[in-house]
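Below are the chains, spelled out letter by letter.
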Amino acid sequence: MTVTRSFLVLALLGLAGAPASAQLRRQSNYVAVRTPSILDSVAVVHRDAVAKVMKSPTITTKATEDPFAASSAVYSWMLDNPDRVCFAWQRLDVPCVEIAALGNRRFAWTDEQGSKLTWEPVAKLADGVVWYATGQVKAAALLPMVPVKAVAVLRYPGVKTTKAGISNLKPEIEIYFQTDSRAASALLRMMGPAGPRLAEYAAGQLLYFFSGIAVYLEKQPEKATVLLAEKRK
């Protein structure tokens, strides 16, 4: 596994695996952007935990996609059902990690090295969602397991088009990633300037995980039912 996939992409909510071919304009740095309005929207039970990650992240990153035409209703539904988006990629014969629905809007990802991340929406915004994730990630066979926490704020502002139900969406995401592990901090120091670039690539993949399917279904809406269906047991 590459460092990008194992340490950053998978750590940032475990949603890697979708192809990263969208045109992205990204920014990345190591300083958290204070967003009290976001915290005010977070459920009280999660607010302190989310605030701690956002105020003291190990690394933060942003990504913004170019506008694309899609159904805002379908896009919103996919944010609530990432496991179905995973199935959609697989049905299109695109390799994608498995995402398990745990119930109560919670989801999980695991890998063969023992990594496991669980996440859930902790705030519903007018045009987006806030996710909070916790778990542990093993970046490579010879490295120790690293405890991680992450907060992702994904918005999808849009402008309605003349086509019924279709808008020009412009998703953007800001991710706060935190770990207290000395091994993780050492790895980030070793990566140096490459760290922010790897983080922005991960954020871009996370955006395209949803937008790629949204664009496909805008062009072929008749396939939505089959593509987004639950996987048969």
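Read on for an overview of the structure. (Residues numbered from 1 in each chain as written. Predicted model: local features only at pLDDT ≥ 70, side-chain atom pairs only at ≥ 80, totals over all residues. Heavy atoms only, no water.)

1. Quick look at the overall build of the protein
Logical step 1: Looking only at helices and strands, the protein has eight helices and eleven strands in total.
Logical step 2: Across the 233 residues in the protein, those meeting the buried criterion constitute 51%.
Logical step 3: Expressed as a percentage of contacts within the protein between residues at least 6 apart in sequence, the contacts between residues at least 24 apart total 67%.
Logical step 4: Summing over all exposed atoms, the protein offers an accessible surface of approximately 11,200 Å²; the carbon and sulfur share of this is 54%. (Helix = DSSP H or I, 4+ residues; strand = E, 2+ residues; numbered from the N terminus. Buried < 20%, exposed > 50% of the residue type's maximum accessible area, 1.4 Å probe, protein only. Contact = heavy atoms within 4.5 Å. Areas by Shrake-Rupley, 256 points an atom, 1.4 Å probe, with all protein chains shown as cover.)

2. Quick word on the pairing of strand β7 (residues 128-138)
Logical step 1: Of all eleven residues in β7, eight are buried, a share of seventy percent or more.
Logical step 2: As paired elements, strand β6 (residues 116-125) and β7 share nine bridges and run antiparallel to each other. When the bridges of β7 are listed, A123 appears paired with V130.
Logical step 3: The antiparallel pairing of β6 with β7 creates a hairpin that spans two residues between the two strands.
Logical step 4: Where β7 meets strand β8 (residues 145-155), eleven bridges bridge the pair, whose relative direction is antiparallel. Of the residues in β8, the one forming a bridge with V137 is V146. (Pairing = 2+ DSSP bridges.)

3. Brief notes about the packing of helix α4 (residues 72-80) against helix α5 (residues 82-91)
Logical step 1: At a closest axis distance of 5 Å, the pairing of α4 and α5 adopts a crossing angle of 105°. Relative to α5, the element α4 is oriented roughly perpendicular. Contact residues: α4 offers W77, M78, L79 and D80, while α5 offers P82, R84 and V85.
Logical step 2: Of the residues assigned to the contact of α4 with α5, the class counts are five nonpolar, no polar and two charged. (Axes fitted to C-alpha atoms, helices over the stretch in contact; angles between N-to-C directions. Parallel < 35°, antiparallel > 145°, perpendicular 65-115°, else oblique. Nonpolar A, V, L, I, M, F, W, Y, C, P; charged D, E, K, R; others polar.)

4. Looking at α4
Logical step 1: Taken together, the buried positions of α4 are Y75, S76, M78 and L79. Looking straight down α4, one finds that the buried residues subtend no more than 160° of arc, so they occupy a single side. (Arc of directions from axis to C-beta.)

5. What about the nonpolar core?
Logical step 1: Ranked by size, the top nonpolar core spans 45 residues in total, and within it Y75, L154, I173 and F210 carry the most contacts.
Logical step 2: Looking at this core element by element, the count peaks at ten residues for helix α7 (residues 194-219).
Logical step 3: For I173, the contacting residues outside a window of four places in its chain are T61, K62, A63, A152, V153, L154, A203, L206 and L207.
Logical step 4: Membership of the second largest hydrophobic core comes to 15 residues, among which are V42, V50, V151 and Y176. (Core = buried A, V, L, I, M, F, W, Y, C linked by side-chain atoms within 4.5 Å.)

6. Quick word on the sheet that holds strand β10 (residues 166-169)
Logical step 1: Taking strand neighbours across the sheet as the criterion, the three strands line up as β3-β10-β9 in an open arrangement whose pairing is antiparallel. The outermost strands of the open sheet, each flanked by one partner alone, are β3 (68-71) and β9 (158-160). Here the strands of the sheet are splayed against their neighbours by 40° on average, with no regard to which way each runs.
Logical step 2: Strand direction decides the pairing type here: β3 and β10, joined by four bridges, are antiparallel. Paired with F68 across the two strands is L169, which belongs to β10.
Logical step 3: Taken strand by strand, α4 contacts β3 and β10, and its axis lies near 75° from that of β3.

7. Quick look at the environment of R106
Logical step 1: Tracing the backbone shows R106 in strand β5 (residues 106-110).
Logical step 2: For R106, a relative accessible area of 32% corresponds to the partly exposed category.
Logical step 3: Expressed as a C-alpha distance, the spacing of R106 and Y132, which sit 26 residues apart in the sequence, is 10.0 Å.
Logical step 4: Not counting chain neighbours up to four residues away, the residues in contact with R106 comprise A100, A101, T118, W119 and E120.

Geometry only, nothing functional implied.
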